[in-house]
Amino acid sequence: MPTSKAQFAQETGADGSFQRQESAFRRWVTDAGEGETFPAEAGRYQLYVSLACPWAHRTLIARALKGLEGAIGVSVVDPLRDARGWAFTARTGPDPCEGFEFLSEAYEKTDPSFSGRVTVPVLWDTQTKQIVNNESADLLRMLNRAFDAYATNPDLDLYPTHCEREIDALNARIYDTVNNGVYKAGFATTQTAYSQAYAQLFETLDALDARLATQRYLCGKRPTEADWRLFTTLVRFDPVYYVHFKCNAQRIADYPHLSGYLRDLYQTPGVAETVDFAQIKAHYYRTHEKLNPSGIVPEGPRQDLSAP
């Protein structure tokens, strides 16, 4: 059976395809704090992330770009994850917020019946002691607007009204075939499932490269959340996905427009500081034992994202 070879057996279909679990907690922080939402307050919420995870990376970038470092704290888990899940270790130091040893403790406190895979990012409410949301797409929207009263860059809008439909359409395709597409290729347990994900991935990358031939960013002259959602996959592609997930038609460095676009985004003030290649490579190559039983971490690739 395909699931016997799966990295995450509960998220592998009978056809060998990777089927990512749905996020369990989808409550919202708003600047109004009405109804079932949580009020935006400085110092109330803690963001739990892994520097290795592209989904968590999105939220770190939004926090940095909006200037919310003084309003929302961050707890960083160890990049190495075993059967017990994301943890705080001697390498990371203790959780500065709640003193958790494992992130699963936050899930258990929020919902004792939770039985899925513990994921990052997590937005934690320090007052009510529960997870508000663990869906990165939702958290991007919250960080973009809900905390503007406490942001040092409140005028930055990553989801401008006039681009909403275009951003939503780009997000849908990029999520399915690129962000999650690399995982669908990497965690496939049949040739058919892998080949389908591989084809869709490079069809989209080719289309994005062509799109960027005539414009600087996906929706025009300024980066939006669509760009940052794509960025966190692109920046991991050559060091990890090209080899580890067998996404080897070509590197991002080989694309004439995507390569420069990646460097452009990386050089945006505050962004490079959110990228930790050592933790990224350690996580993928040392925790996916089904894909890399030896746990050897590649030395390469040689790349210079600070080049013009």
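Preceding this paragraph is the structure being described.
Residues numbered from 1 in each chain as written. Predicted model: local features only at pLDDT ≥ 70, side-chain atom pairs only at ≥ 80, totals over all residues. Heavy atoms only, no water.

Undergrad: Would you mind showing me how to read the nonpolar core here?
TA: General note: in soluble globular proteins, nonpolar side chains tend to be found buried as a group. Among the nonpolar cores identified, the biggest contains 89 residues, and Val29, Leu205 and Phe231 are the most heavily contacted of them. Element by element, the count of residues in this core is highest for helix α7 (residues 225-244), at nine residues. With near-sequence residues (within four places) excluded, Val29 lies in contact with Phe38, Pro39, Ala40, Tyr45, Leu123, Val132, Met142, Ala146 and Phe147. (Core = buried A, V, L, I, M, F, W, Y, C linked by side-chain atoms within 4.5 Å. Buried < 20%, exposed > 50% of the residue type's maximum accessible area, 1.4 Å probe, protein only. Helix = DSSP H or I, 4+ residues; strand = E, 2+ residues; numbered from the N terminus. Contact = heavy atoms within 4.5 Å.)

Undergrad: It is not clear to me how unusual backbone geometry should be interpreted in this structure. Could you clarify?
TA: The general pattern is negative phi for most residues beyond glycine and trans for most peptide bonds. With an omega of 5°, the peptide bond running from Val120 to Pro121 counts as cis. As for its position among the elements, Pro121 is in the loop between α2 (104-110) and β5 (122-125). Of note, the bond from Gly300 into Pro301 is cis; its omega dihedral lies within 30 degrees of zero at 0°. Here Pro301 shows up in the segment after α9 (277-287). Non-glycine residue Lys129 carries a positive phi angle of around 60°. Among the secondary structure elements, Lys129 is positioned in the loop between β5 and β6 (130-133). Overall, Lys129 belongs to the partly exposed group, its relative accessible area being 40%. The phi dihedral of Lys246 is positive, around 60°, even though this residue is not glycine. Given a relative accessible area of 42%, Lys246 falls into the partly exposed group.

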